[in-house]
Amino acid sequence: MTRTAFVTGASSGIGRATAVALAQVGFQLVLTGRRRERLEELAQQLAPTPTHLLTFDVRDRAAVDAAVASLPAAFQQIDVLVNNAGGAHGLAPIQEGNPDDWDTMLDSNVKGLLNVSQALLPGMTQRRQGHIINIGSIAGHEVYANGNVYCASKAAVAALSKAMRIDLLPLNIRVAEVNPGAVETEFSQVRFKGDTERAAKVYQGYDPLKPEDIADVIQFMVTRPANVHIAEVTIFAGAQGAATLINRT
Ligand code: NDP
Ligand code: 8X3
């Protein structure tokens, strides 16, 4: 039977590449994000893989619940959830931080992940079957200068991934955490609020990870046999050794 994956933040970067990688191994897909036209373009690219598009903001719990409730019968049984939507907003010392950015990061990266998980868990618990991949970050395991609230939001993802793994174990639902280092996506453009020059510098002087590199690993994780659970993975570019340690030419 065809397995179904639900990918949040499929309109860009890691989420988009993950959708492509899962389609390649036979999943049908629920693709979600706020930018509908991006999702439509991806669905066209993935054809003939069956896709269903949901447009919502992960911060809006009512919208998440309504979107999940609207799933047509053929897409209601979710086998794999990839909690990927989120990002960083700003990079400033804590005393100069923007509370609106703090709200966005905590509400998207932490509460958004909870909102989507809670909406999909009733189906998984009823079937006693499911696999959740939470996209954390090296920033959830190391704190770096000016990263404060983004690092805290990803530290929360790390804690929640472990907590969910424990709580959901009796229900045969696996929960794993994938922690990328620097991946060249729209991440830095969002963090630096459209300053493309500053964003580009993050990836200069070395060969950064591409979203497809993370997607490859997720594809591998969700296609392991039942006796194998890859619970936590950290992925760096070849030139990266720690959150802020990158060998640049
Ligand atoms: P992108 O900015 O390219 O993609 C982010 C995705 O998240 C988009 O599809 C965006 O869709 C979606 N998204 C963001 N906020 C919301 C929201 N409130 N509601 C719904 N969807 C939302 O960045 P990445 O692909 O790099 O980021 C994906 C994940 O990977 C994030 O959780 C990020 O923190 C994490 N990560 C990234 C790293 C990197 O170096 N790039 C490293 C480590 C972790 P839309 O705007 O259409 O809603
Ligand atoms: C994204 C990686 O190091 O910029 O989570 O925080 S980092």
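Residues numbered from 1 in each chain as written. Chains lettered and ligands numbered in written order. Predicted model: local features only at pLDDT ≥ 70, side-chain atom pairs only at ≥ 80, totals over all residues.

Student: Would you explain the sheet that holds strand β1 (residues 4-7) in this entry?
Tutor: Strand pairing in a sheet relies on backbone hydrogen bonds, with the paired strands running either antiparallel or parallel. The sheet built from 7 strands is open, its strands ordered β3-β2-β1-β4-β5-β6-β7 with parallel pairing. The sheet is open, and its two edges are formed by β3 (51-55) and β7 (232-235), each paired on a single side. Ignoring strand direction, the axes of neighbouring strands in this sheet form an average angle of 15°. Inspection of the sheet shows β1 paired to strand β4 (residues 80-83) by 3 bridges, in the parallel sense. Following the sheet pairing, Phe-6 is matched in β4 by Leu-81. Seen against the sheet, helix α2 (residues 36-46) touches β2 (28-33) and β3 and runs at an angle of roughly 175° to β3. Its contacts with the sheet place helix α5 (residues 148-168) against β5 (130-135) and β6 (173-180), and it is angled at close to 160° to β6. (Pairing = 2+ DSSP bridges. Helix = DSSP H or I, 4+ residues; strand = E, 2+ residues; numbered from the N terminus. Axes fitted to C-alpha atoms, helices over the stretch in contact; angles between N-to-C directions. Contact = placed C-beta atoms within 7 Å.)

Student: What is the right way to look at the site of ligand 2 in this model?
Tutor: Neighbouring residues of ligand 2: Ser-137, Ile-138, Ala-139, Gly-147, Gly-181, Ala-182 and Ala-243. Counted by class, the shell around ligand 2 contains 4 nonpolar, 3 polar and no charged residues. (Near = placed C-beta within 6 Å. Nonpolar A, V, L, I, M, F, W, Y, C, P; charged D, E, K, R; others polar.)

Student: What should I look at first to understand the pairing of β2 in this one?
Tutor: Of all 6 residues that make up β2, 5 are buried, and the element is covered over most of its length. Pairing between β1 and β2: 4 bridges, direction parallel. Residue pairing in the sheet places Val-7 in a bridge with Leu-31 of β2. For the crossover that starts at β1, traverses helix α1 (residues 13-24) and ends in the parallel β2, the hand is right-handed. Taken together, the 5 bridges between β2 and β3 define a ladder with parallel strand orientation. Across the sheet, residue Gly-33 finds its bridge partner in β3, namely Thr-55. Once the chain exits β2 it traverses α2 before rejoining the sheet at β3, and the crossover so formed is right-handed. (Buried ≥ 20, exposed ≤ 12 C-beta atoms within 10 Å, placed from the backbone. Right-handed = clockwise from strand over helix to strand, strands pointing away.)

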